[in-house]
Amino acid sequence: MGYIAEDSLPVLASTKLEVDTKENQPMWYILGEEIVNQTVSIERTEKTSVYILDEFDQVVYSSYMKDYGNNIPLPEKGKLVVVGDDGEHVSITVE
């Protein structure tokens, strides 16, 4: 597995993100300034996971957390990661 430079990650700045997953290929996004301190709602298939990390790369949200609710706050200087089996789908909406 190779490494990806953080400055080469795409910036999530829009209000809607549709991701089709590829097995063993996490999809990383930097949270754009336009969406920081807003919340996201996530619709995903069972064979996918979504993680939100803070500026120190600590997980502040995982789709495995129970009773977290549907609206997840986005941290400043954070990242979002989507992983899943090949051909699965995740929809992320910034509100």
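A brief look at the structure comes next. All figures in this text were calculated on a predicted structure; none of them were measured in a lab. (Residues numbered from 1 in each chain as written. Predicted model: local features only at pLDDT ≥ 70, side-chain atom pairs only at ≥ 80, totals over all residues. Heavy atoms only, no water.)

1. Quick word on the sheet that holds strand β3 (residues 27-31)
Here comes step 1: One open sheet accounts for five strands, arranged β1-β3-β8-β5-β6; its pairing is mixed. Because the sheet does not close on itself, it has two edges, and the strands there are β1 (11-12) and β6 (59-62).
Here comes step 2: Note: strand β5 (residues 48-53) against strand β8 (residues 79-84), six bridges, orientation antiparallel. Residue pairing across strands places Ser-49 opposite Val-83, the latter belonging to β8. (Pairing = 2+ DSSP bridges. Helix = DSSP H or I, 4+ residues; strand = E, 2+ residues; numbered from the N terminus.)

2. Notes on a nonpolar patch on the surface
Here comes step 1: Among the surface-exposed residues, Val-59, Met-65 and Tyr-68 lie close enough to one another that they form a single nonpolar patch of about 250 Å² accessible area.
Here comes step 2: Relative to the assigned elements, Val-59 resides in strand β6.
Here comes step 3: Residue Val-59 is classed as partly exposed on the basis of its relative accessible area of 48%. (Patch = residues over 30% accessible without salt bridge, like charges linked within 9 Å, V, L, I, M, F, W, Y side chains within 5 Å. Areas by Shrake-Rupley, 256 points an atom, 1.4 Å probe, with all protein chains shown as cover. Salt bridge = Lys/Arg side-chain N within 4 Å of Asp/Glu carboxyl O. Buried < 20%, exposed > 50% of the residue type's maximum accessible area, 1.4 Å probe, protein only.)

3. Here's the deal with a negative patch on the surface
Here comes step 1: Taken together, the side chains of Glu-33, Glu-34, Glu-55 and Glu-76 present a region of like negative charge at the surface.
Here comes step 2: As for its position among the elements, Glu-76 is in the loop between β7 (71-73) and β8. (Lys, Arg positive; Asp, Glu negative; His and termini not counted. Charge placed at Lys NZ, Arg CZ, Asp CG, Glu CD.)

4. Thoughts on the pattern of salt bridges
Here comes step 1: In the structure shown here, the tally under the stated rule is two salt bridges.
Here comes step 2: In this structure, Lys-16 and Glu-18 form a salt bridge, with 3.6 Å as the shortest nitrogen-oxygen distance.
Here comes step 3: Exposure remark for Lys-16: the relative accessible area of 42% places this residue in the partly exposed category.
Here comes step 4: Taking the relative accessible area as the measure of exposure, Glu-18 reaches 43% and is therefore partly exposed.

5. Structural notes on the sheet that holds β7
Here comes step 1: Overall, antiparallel pairing links the four strands, which are arranged β2-β9-β4-β7 in an open sheet. Either end of the sheet is taken by a strand with one partner, and the two such strands are β2 (16-20) and β7. Each neighbouring strand pair of the sheet contributes to a mean axis angle of 25°, computed without reference to strand direction.
Here comes step 2: The pairing of β2 with strand β9 (residues 89-94) spans five bridges and is classified as antiparallel. (Axes fitted to C-alpha atoms, helices over the stretch in contact; angles between N-to-C directions.)

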